[in-house]
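Summary of the model geometry
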Amino acid sequence: MKGMTVANKTVTITDNESGKSWTYPKMSGSTGPDVVDIRKFYADTGMFTFDPGFTSTGSCESKITYIDGDKGVLLHRGYAIEELAENCNFEEVAYLMLNGELPNEAQKDKFEHDLTYHTMLHEQVHSFYSGFRRDAHPMAVMCGAVGALSAFYHDSLDINNPEHRKIASYRLIAKIPTIAAWAFKYSIGQPFMYPRNDLGYAENFLHMMYATPCEDYQVNPILAKAMDRILILHADHEQNASTSTVRLAGSSGANPFACIAAGIASLWGPAHGGANEAVLNMLKEIGSKDKIGEFVKRAKDKNDTFRLMGFGHRVYKNYDPRARIMSRTCHEVLVELGIKDNALLDIAMELERIALEDDYFIQKKLYPNVDFYSGIIFQAMGIPVTMFTPLFALARTTGWIAQWNEMIEDPQNKIGRPRQLYTGQTVRKYVPLKKRK
Ligand code: ACO
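This section reports on the structure supplied with the text. What you are looking at is a predicted structure, and each value in this text was computed from that prediction instead of being measured.

Conventions and cut-offs
- Residues numbered from 1 in each chain as written.
- Predicted model: local features only at pLDDT ≥ 70, side-chain atom pairs only at ≥ 80, totals over all residues.
- Heavy atoms only, no water.
- Helix = DSSP H or I, 4+ residues; strand = E, 2+ residues; numbered from the N terminus.
- Rg over C-alpha atoms; globule rule 2.2 N^0.38 Å.
- Buried < 20%, exposed > 50% of the residue type's maximum accessible area, 1.4 Å probe, protein only.
- Contact = heavy atoms within 4.5 Å.
- Areas by Shrake-Rupley, 256 points an atom, 1.4 Å probe, with all protein chains shown as cover.
- Lys, Arg positive; Asp, Glu negative; His and termini not counted.
- Charge placed at Lys NZ, Arg CZ, Asp CG, Glu CD.
- Pairing = 2+ DSSP bridges.
- Near = heavy atom within 4 Å.
- Polar contact = N/O pair within 3.5 Å; in protein donor to acceptor, adjacent residues only side chain to side chain.
- Nonpolar A, V, L, I, M, F, W, Y, C, P; charged D, E, K, R; others polar.
- Salt bridge = Lys/Arg side-chain N within 4 Å of Asp/Glu carboxyl O.
- Phe/Tyr/Trp six-rings, centres within 6.5 Å; stacked < 30°, edge-to-face > 60°.
- Lys NZ or Arg CZ within 6 Å of the ring centre and 35° of its normal.
- Axes fitted to C-alpha atoms, helices over the stretch in contact; angles between N-to-C directions.
- Parallel < 35°, antiparallel > 145°, perpendicular 65-115°, else oblique.
- Left-handed = near helix turned anticlockwise from the far one by under 90°.

This next bit is on the overall build of the chain. Helix and strand counts for the chain stand at 18 helices and 6 strands. Compactness check: the chain gives a C-alpha radius of gyration of 24 Å against a globular reference of 22 Å for 437 residues, within 12% of the reference. Buried positions account for 46% of the 437 residues belonging to the chain. If you take every contact in the chain between residues at least 6 apart in sequence, the share linking residues at least 24 apart comes to 70%. If you sum the accessible surface of the chain, you get close to 22,600 Å²; carbon and sulfur atoms cover 52% of it. Charge-centre separation for the chain: the mean point of 49 positive side chains lies 11 Å from the mean point of 51 negative side chains.

Glancing now at the pairing of strand β5 (residues 73-76). Residues L74 and H76 point to one face of β5 and are all buried, whereas V73 and L75, pointing to the other face, are not buried. Counting the residues that bridge the hairpin from strand β4 (residues 65-68) to β5 gives 4 residues, and of these G72 lies at a positive phi of roughly 70°. Examined bridge by bridge, β5 and strand β6 (residues 79-80) share 2 bridges and lie antiparallel to one another. For H76, the partnering residue across the bridge sits in β6 and is Y79.

Looking now at the sheet that holds β5. Strand pairs in the sheet, formed through backbone hydrogen bonds, run parallel or antiparallel to each other. Strand order across the open sheet formed by 3 strands is β4-β5-β6, with antiparallel pairing between neighbours. Only two strands of the sheet have a single neighbouring strand rather than two, namely β4 and β6. With 4 bridges joining them, β4 and β5 adopt antiparallel strand pairing. Counterpart to Y66 in the pairing with β5 is L75.

So, about the environment of G293. Structurally, G293 can be placed in helix α13 (residues 292-300). G293 sits in the partly exposed class, given a relative accessible area of 41%.

If you check the shell around the ligand, you find 20 residues, and the closest are K302, L308, G310, R314 and K364. In this structure, H272 approaches the ligand through a side-chain N or O atom, which is 3.1 Å from an oxygen atom. At a separation of 3.0 Å, an oxygen atom of the ligand approaches a polar side-chain atom of N369. Classifying every residue of the shell around the ligand gives 10 nonpolar, 5 polar and 5 charged.

Summed over all chains, the structure comprises 17 salt bridges. Taking the shortest distance from any N to any O, the salt bridge between R39 and D37 comes out at 3.0 Å. Look at R39 and you get exposed, because its relative accessible area is 57%. Judged by its relative accessible area of 16%, D37 is buried.

Turning our attention to the environment of E294. Locating E294 in the fold gives a position in helix α13. The spacing of E294 and F48 is 246 residues in sequence and 44 Å in space, taken between C-alpha atoms.

Now for the packing of aromatic side chains. Centre-to-centre distance and the angle between the planes together describe a pair of aromatic rings. Under the definition given, this model contains 22 aromatic pairs. Summarising the aromatic geometry, the rings of Y360 and F361 are spaced 5.1 Å apart at their centres and angled 70° between planes, so their arrangement reads as edge-to-face. Judged by relative accessible area, Y360 falls into the partly exposed class, the value being 22%. Relative accessible area serves as the criterion here: at 2%, F361 is assigned to the buried category. Put simply, the rings of Y129, W182, Y186, F192 and Y194 touch in pairs and so form one group of aromatic residues. It is R134 that lies over the ring of Y186; its NZ or CZ is 4.1 Å from the centre. In this structure, R324 packs its charged tip against the face of Y319, placed 4.4 Å from the ring centre.

On to the packing of helix α3 (residues 90-99) against helix α9 (residues 221-233), then. Interaxial distance between α3 and α9 falls to 9 Å at its minimum, and their mutual angle equals 20°. The angle between α3 and α9 places the two elements in the roughly parallel class. Handedness of the α3/α9 crossing: left-handed. Here F90, E91 and V93 of α3 lie close against α9, whose contacting residues are D228, L231 and I232. Taken together, the residues of the contact of α3 with α9 sort by class into 4 nonpolar, no polar and 2 charged.

Turning next to unusual backbone geometry. If you check the backbone angles, F54 has positive phi at about 50° while not being a glycine. Structurally, the position occupied by F54 is in the loop between α1 (41-45) and β4. We classify F54 as exposed; its relative accessible area is 55%. Not every positive phi belongs to a glycine, and R77 is a case in point at roughly 50°. Within the secondary structure, R77 is located in the loop between β5 and β6. When its relative accessible area of 22% is taken as the criterion, R77 is described as partly exposed.

Next comes the structure, spelled out in structure tokens:
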């Protein structure tokens, strides 16, 4: 369904200064809030709208992901995240993102086969890694390696050709686990492990992370299942900062590998994908349950910049549905690994209990988000803190590339070019260097 303009649904804006009024159509999607179509606003009024952080701005039409933040609902192509996480593997969800429908058995087999045959990196990519310091953050390495892939697939890639876009999409989804695992291997000085075509997506990633050429390594199926679920939970999340970055970069017709590298850069920040790393650091800093009150107090203090990491979300003003699944998965993983007492999990659960009963958090509708429990699972699985955000990037590549494809196919697509409210100096006379005070 295309965004529909309904004849009798309009919004009239009146400028009290001039007394003039302008009427704009409202558009309805298949569900969710209506939008006001202000595309002609500047031409009509000579004014811009002002919306830093885009809290009230729809930047595109999309059919991929729907979030109802007040109800805590997340749908991909109409399917609830809970059902996808429970019943699908990551490859099926990736297929769904790209194609709009879940695959049948034959389509699933073919998709998995096709992805598998793009998992290897060009051998030349090896040498990029050695250009980085061993202690470089893996997000910096991933950003560099993915951006560098644009050099391998540039002249041969016509983004207006659907078949070329499909191959680029498969390449990105298939190669990103190899890129992430190699960033880890490089940081610990171990040899890179090549992908194995007999393993599933999550399983193969764990193999490349933990196997060495010296001995046989069996991936624990429960951990592979948990990793698969974590990847599904992070696969897409509508027009968030990194996805909007990918779309904005791509709106100029840029190479998709370079656009995904831009998405990785945006995801890295602690207010976005870097939060899972920040949560674990915060739990360690809290250290014991008796210190929680002190940290909650700090989070509420207007004069303190400290925030409870893993709490709050721009869109969810209710429990993030992914956090619920993540909390359950966290318990399953700890049981599988025979970890009975986990001090950080105890602190996290107590912190959640206290915050959810606290007036400040209730009034501001601050609930745990997807990152709150993911760090504890990753740590239990032996994944180092610096790899938390790379894992998020790995999963989100599917959403980014699905959104990029949707944008390129959209006949309404234009280069993204926001305007501004200029508050700097107005025109003034140039002063020669020697006369400046
Ligand atoms: N701890 C304490 N107070 C908070 C928190 C928090 N985690 N989050 C928001 N608030 C308060 C703010 O101080 C603000 O209070 P005010 O109205 O009195 O000024 C109010 O709640 C609204 O906060 P904003 O920052 O305006 O909300 P916004 O929607 O812009 O921010 C964000 C959302 C960035 C996620 C924020 O909640 C935050 O910083 N959380 C911690 C970081 C985090 O967990 N990020 C992961 C997000 S999920 C993801 O990217 C996968």
